[in-house]
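Residues per chain are reported as follows:
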Amino acid sequence: MSSINFVNAVYQRYTQVASAKTTVGSVQSFSSVKTNAANRKNNMAANEESAVTKYKKSHPDSKYIVDSQVNAGKAVLERNGVSDVSRQDMTMEEYKQFITNLMNSIPFDETQSNNIEVWSISEDGWEQMKKDCDYEAWVLGYTSQNRAVRNPFAGLMGNVGSFCTEKFGASIDEHIGQGVPMTTNTNSSAKNKNKKSWWQERNERYEEMVEELTKAIQLRHQFLRSKMMEQYEQGQGLGGFQITNPISIDNLKWKTSKALQSYDFL
């Protein structure tokens, strides 16, 4: 065998061995990832009870809802192809970015497209999620189902979406979700609707004028009647009745004229 053929034979043999080692290494690496993912739940069960299990025990009526949320979260993981990714090898910062990417991948229903959602997870919550696969799935599943809700009032009565906050802790009980509807600025239109027309204002002023004149006339009649009764009791009789207090009469005339002057636009 020539030296060239010998070198080629050695190179081919080396390539085959290297390829085989690479294949075995890849299989072992993939198997290790799946094993870590499978052992994650076993390790959690061995050390402590899942936050999801604790919640279902204390809220048995919510078992069906919680299970559906956990399943929805697992569907998010499967949809992103990360069901078998090991969290144990991640630093906390890497895990936070990992979950953030998953949260950002969850779509909103078209009726919630204008919503503004701000979500946060406490440090204890991050720790719980990283070691508790069911609780991690619940957070993702709750978010998935919540964003999928159809809002029947979208676009009605100036509704342009909602401002929502979702705060997650180390347990389901610690979760707080709130939402405030956002509306277009309808203050100007409301003011225009409540603003009275010129005719309405005119009629109201006319009614006020009539009321003031009526009170002035009633006051005049009361004054004249009191003077008549006073003179009658003094024995002068009706025939001797005279207006003996012109100042009061002038006062009444002044009130009447002022009331009329206030409504000279009529």
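Refer to the structure printed above.
Residues numbered from 1 in each chain as written. Predicted model: local features only at pLDDT ≥ 70, side-chain atom pairs only at ≥ 80, totals over all residues. Heavy atoms only, no water.

Visitor: Got a minute to help me understand helix H6 (residues 133-148) in this structure?
Guide: Given 3.6 residues per helical turn, the α-helix brings residues three or four places apart onto the same face. Taking 1.5 Å of rise per residue, 16 residues should cover 22 Å, and H6 covers 22 Å from first to last C-alpha, within 8% of that figure. Across the 16 residues of H6, 13 count as buried, placing the element largely inside the fold. For H6, the side-chain oxygen to backbone nitrogen distance between the N-cap and aspartate 134 is 3.2 Å, and the N-cap itself is aspartate 132. (Helix = DSSP H or I, 4+ residues; strand = E, 2+ residues; numbered from the N terminus. Expected span 1.5 Å × (residues − 1). Buried < 20%, exposed > 50% of the residue type's maximum accessible area, 1.4 Å probe, protein only. Polar contact = N/O pair within 3.5 Å; in protein donor to acceptor, adjacent residues only side chain to side chain.)

Visitor: So what exactly am I meant to see when it comes to the environment of isoleucine 176 here?
Guide: Considering the arrangement of structural elements, one finds isoleucine 176 in strand S3 (residues 176-183). Here the alpha-carbon distance between isoleucine 176 and threonine 165, two residues 11 residues apart in the chain, equals 8.0 Å. Not counting the four nearest positions on each side in its chain, isoleucine 176 is found in contact with Thr165, Glu166 and Lys167. (Contact = heavy atoms within 4.5 Å.)

Visitor: Would you explain a nonpolar patch on the surface in this entry?
Guide: On the surface, Ile116, Val118, Phe163 and Val180 cluster together into a nonpolar patch covering about 330 Å² of accessible area. Classification of phenylalanine 163 by relative accessible area gives partly exposed; the value is 36%. (Patch = residues over 30% accessible without salt bridge, like charges linked within 9 Å, V, L, I, M, F, W, Y side chains within 5 Å. Areas by Shrake-Rupley, 256 points an atom, 1.4 Å probe, with all protein chains shown as cover. Salt bridge = Lys/Arg side-chain N within 4 Å of Asp/Glu carboxyl O.)

Visitor: Any chance you could explain the pattern of salt bridges here in plain terms?
Guide: Pairing between side chains of opposite charge can happen when the charged atoms of each approach one another. This structure, assessed with the given rule, holds 10 salt bridges. Measuring nitrogen to oxygen at the nearest pair gives 2.7 Å for the salt bridge that ties lysine 131 to glutamate 48. One end of the pair, lysine 131, is in helix H5 (residues 123-131); the other, glutamate 48, is in the loop between helix H1 (3-47) and helix H2 (51-58), with 83 residues separating them in the sequence. Here lysine 131 falls in the partly exposed class, since its relative accessible area comes to 36%. Where lysine 57 meets glutamate 49, a salt bridge forms, and the shortest distance between an N and an O atom there is 2.5 Å. On the basis of relative accessible area, glutamate 49 is assigned to the partly exposed category, the value being 32%. Taken together, the shared-partner salt bridges in this structure form one network comprising Lys56, Lys63 and Asp67.

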